[in-house]
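Examining the three-dimensional arrangement
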Amino acid sequence: MKQSTSLVSSEAAICLDGVSKTFQLDNGDEIAALHDINLQLSEGEFVAILGPSGCGKSTVLRLISGLDTATSGTIGIEGALPRELAQAHRLGVAFQDHALLPWLTIAQNIALPFHVAGRKVDHAYIADLVALVGLTGFETARPSQLSGGMRQRASIARSLVLDPDVLLLDEPFGALDAVTRRHMNVELQRIWGARTLTTLLVTHSVEEALFLADRIIVMTGRPGQILREVPVPFARPRDPDVMRTPEFHALVDDLTQALDPDTSAGGAG
Ligand code: ADP
Ligand code: MG
């Protein structure tokens, strides 16, 4: 295994080096949310994070997105600090709680990052993205007029609108039924394949992680740590039929077991 030298760090698109995060509660208690996380993504790599509820997945994404800061350790994204990259609008983020604004149309929601960045709205590009996520014809609809899956696609379009270098997705398909979710997985692979985009996806679904990612990180909680890293061997572009292969099933079993190595501890929440 390579030591993390400054050379390696600068070559990685995302580099977490010994990152720990402790939350201080009002009553004086401390929650060790993350302990000594070391993780590197190369440019254009798609990595999925799996782990039980409360193991620190969202905290990892919040730290990388610059929404929160690590207690110790360093995070570099393309040689810059998370906040610098966010301020340069080179980070695309679609979190569960990043809802669309209900009073704006779909096109206006997707255009929002241009306004936030103080840039001129590129209407032609928005039309391209709307087509890419399959929402042509719904530009003037309000979020409440769309299905859950369509709203998720609109948020993904919004996260891509400033052509970010890095995409962070926190359970973007968590609320969807299985059929819509599978459809969205195929869509996301297509969108991702059309550009060079370093992507970190948090998901509860082992199948989703295996279908989309180049590599899977399995986390464990209390404190949040990396338990295992699993390379995904399937060639791209991937057809949903890959999910029916024995290799796929074997990896699903393996990862499911890794996520639940000992039922005695139980998974809260
Ligand atoms: P996951 O996304 O894997 O479900 P989180 O990253 O949301 O887990 O949370 C990891 C741990 O940190 C949990 O124990 C959670 O309660 C705690 N935590 C997360 N955010 C905060 C916060 N702002 N204040 C206090 N504790 C927090
Ligand atoms: Mg979470």
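Structure report, in brief.

Cut-offs used in this document
- Residues numbered from 1 in each chain as written.
- Chains lettered and ligands numbered in written order.
- Predicted model: local features only at pLDDT ≥ 70, side-chain atom pairs only at ≥ 80, totals over all residues.
- Heavy atoms only, no water.
- Pairing = 2+ DSSP bridges.
- Helix = DSSP H or I, 4+ residues; strand = E, 2+ residues; numbered from the N terminus.
- Axes fitted to C-alpha atoms, helices over the stretch in contact; angles between N-to-C directions.
- Contact = heavy atoms within 4.5 Å.
- Core = buried A, V, L, I, M, F, W, Y, C linked by side-chain atoms within 4.5 Å.
- Buried < 20%, exposed > 50% of the residue type's maximum accessible area, 1.4 Å probe, protein only.
- Near = heavy atom within 4 Å.
- Polar contact = N/O pair within 3.5 Å; in protein donor to acceptor, adjacent residues only side chain to side chain.
- Areas by Shrake-Rupley, 256 points an atom, 1.4 Å probe, with all protein chains shown as cover.

Quick look at the sheet that holds strand β7 (residues 198-202)
Either a parallel or an antiparallel arrangement is found when strands of a sheet pair, and the pairing is made through backbone hydrogen bonds. Taken in spatial order, the 6 strands line up as β5-β6-β7-β3-β8-β9 in an open sheet, and their pairing is mixed. Of all strands in the sheet, those with a lone pairing partner are β5 (91-95) and β9 (225-231), marking the two edges. Direction aside, the axes of adjacent strands within the sheet are offset by 15° on average. For strand β6 (residues 166-170) and β7, the ladder comprises 5 bridges, and the chain directions are parallel. Bridging across to β7, Asp 170 finds its partner in Val 202. Sheet strands touched by helix α6 (residues 148-160): β5 and β6. Its angle to β5, the strand with the most contacts, is close to 160°. Contacts between helix α9 (residues 246-259) and the sheet are confined to β3 (46-50), β8 (215-220) and β9, with β9 contributing the most and set at about 175° to the helix.

Things to note about the nonpolar core
Ile 126, Val 161, Leu 210, Ile 216 and Leu 255 are the most contacted members of the largest nonpolar core, which has 54 residues in total. With sequence-adjacent residues up to four places away left out, Leu 210 is seen in contact with Ile 216, Val 232, Phe 234, Arg 238, Phe 248, Leu 251, Val 252 and Leu 255. Leu 16, Cys 55, Ile 75 and Val 166 belong to the second largest nonpolar core, which has 26 residues in total.

What about the site of ligand 1?
Lining the immediate surroundings of ligand 1 are Phe 23, Leu 25, Ile 31, Ala 33, Pro 52, Ser 53, Gly 54, Cys 55, Gly 56, Lys 57, Ser 58 and Thr 59. Between an oxygen atom of ligand 1 and a main-chain N or O atom of Gly 54, the distance comes to 2.7 Å. Lys 57 has a polar side-chain atom sitting 2.8 Å from an oxygen atom of ligand 1. A total of 560 Å² of accessible area belongs to ligand 1 in isolation, and the protein chains cover 62% of it. Mapped onto the shell around ligand 1, the elements with two or more residues apiece are β2 (30-41) and α2 (57-64). Ranked by the residues each element gives to the shell around ligand 1, the list is headed by α2, at 3 residues.

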